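A look at the structure
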Amino acid sequence: MRVIVFVKANKDSEAGVLPDPKVFEAMGRYNEELVKAGVMRAGEGLAPSGKGKRVRFEGSERTVIDGPFAETKELVAGFWIWKVKSMEDAVEWLKRAPFGGGVEIELRQIMEFEDFGDKVSPELIEQEKSLRQQAEQLAKGAKK
């Protein structure tokens, strides 16, 4: 199963304050462990919400809202995508992360088309698989 791991924002991350270099070093070691174990598929930090935008959809109307966004505790400062055996496995990996100071991390299962049962047609499943393959090929080409 795949999970997404959300690292919540705080007032420092929203202000653009970078962590101490020792935190980067510890996170680098942790990420290396995740990669060597075949768990980590992606992981990135996000710019503060002041550099972001939201788009609200109401009928045919689209409203663009500029950041920053008020509720810091509801914002995401970074994420990982992991491939794990189970949610319990993901929790065990997360417990080893070099966080402290009351940081709260959220784990959520990434839904695969198979998880939707008969609500999704075989044609849509095939289309999705094809699009994922195309996206992977483009990503590989971009790395060269």
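The text that follows walks through the structure, step by step, so that each part is easy to find. Predicted model, so just to flag it, every value in this text is computed and none were measured. (Residues numbered from 1 in each chain as written. Predicted model: local features only at pLDDT ≥ 70, side-chain atom pairs only at ≥ 80, totals over all residues. Heavy atoms only, no water.)

**A few points about the layout of surface pockets**
If you add up the space inside the largest pocket, you get close to 1,000 Å³. Around the largest pocket sit 36 residues that line it, and V7, S13, P19, A77 and F99 are the ones nearest its centre. Looking at the lining of the largest pocket residue by residue, the class counts come to 19 nonpolar, 11 polar and six charged. Of the volumes computed, that of the second largest pocket is approximately 340 Å³. Lining the second largest pocket are 11 residues; nearest its centre among them are R2, R41, R132, A135 and E136. Considering each element in turn, the lining of the second largest pocket owes the most residues, six residues, to helix α4 (residues 122-143). Of the residues in the lining of the second largest pocket, the class split is three nonpolar, no polar and eight charged. (1 Å grid on protein atoms, 1.4 Å probe; cavity = no way out; pocket = protein on both sides within 12 Å on 5 of 7 lines; lining within 4 Å. Points joined across faces, edges and corners; volume = space filled by probe spheres on them. Nonpolar A, V, L, I, M, F, W, Y, C, P; charged D, E, K, R; others polar. Helix = DSSP H or I, 4+ residues; strand = E, 2+ residues; numbered from the N terminus.)

**Some remarks on the packing of aromatic side chains**
All told, the structure shown has three aromatic pairs when counted by the stated rule. A ring pair is formed by Y30 and W80, whose centres lie 5.7 Å apart and whose planes are at 70 degrees; its orientation type is edge-to-face. Of this pair, Y30 sits in helix α2 (residues 21-36) while W80 sits in strand β5 (residues 76-83), placing them 50 residues apart in sequence. Ring centres of W80 and F99 lie 6.2 Å apart, and the angle between their planes is 75 degrees; this geometry places the pair in the edge-to-face category. Of the two residues, W80 is situated in strand β5 and F99 in the loop between α3 (87-95) and β6 (105-109); the sequence distance between them amounts to 19 residues. The positively charged end of R54 is found above the aromatic ring belonging to F69, 3.8 Å away from the centroid. The side chain of R96 reaches across the aromatic face of W93, ending 4.4 Å from its centre. (Phe/Tyr/Trp six-rings, centres within 6.5 Å; stacked < 30°, edge-to-face > 60°. Lys NZ or Arg CZ within 6 Å of the ring centre and 35° of its normal.)

**Some remarks on the side chain of R2**
When you line up the elements, R2 lands in strand β1 (residues 2-8). There is a polar contact of 2.7 Å between the side chain of R2 and the side chain of E112. When residues no more than four places from it in sequence are discounted, the contact partners of R2 are W82, K83, R108, Q109, I110, E112 and R132. (Polar contact = N/O pair within 3.5 Å; in protein donor to acceptor, adjacent residues only side chain to side chain. Contact = heavy atoms within 4.5 Å.)

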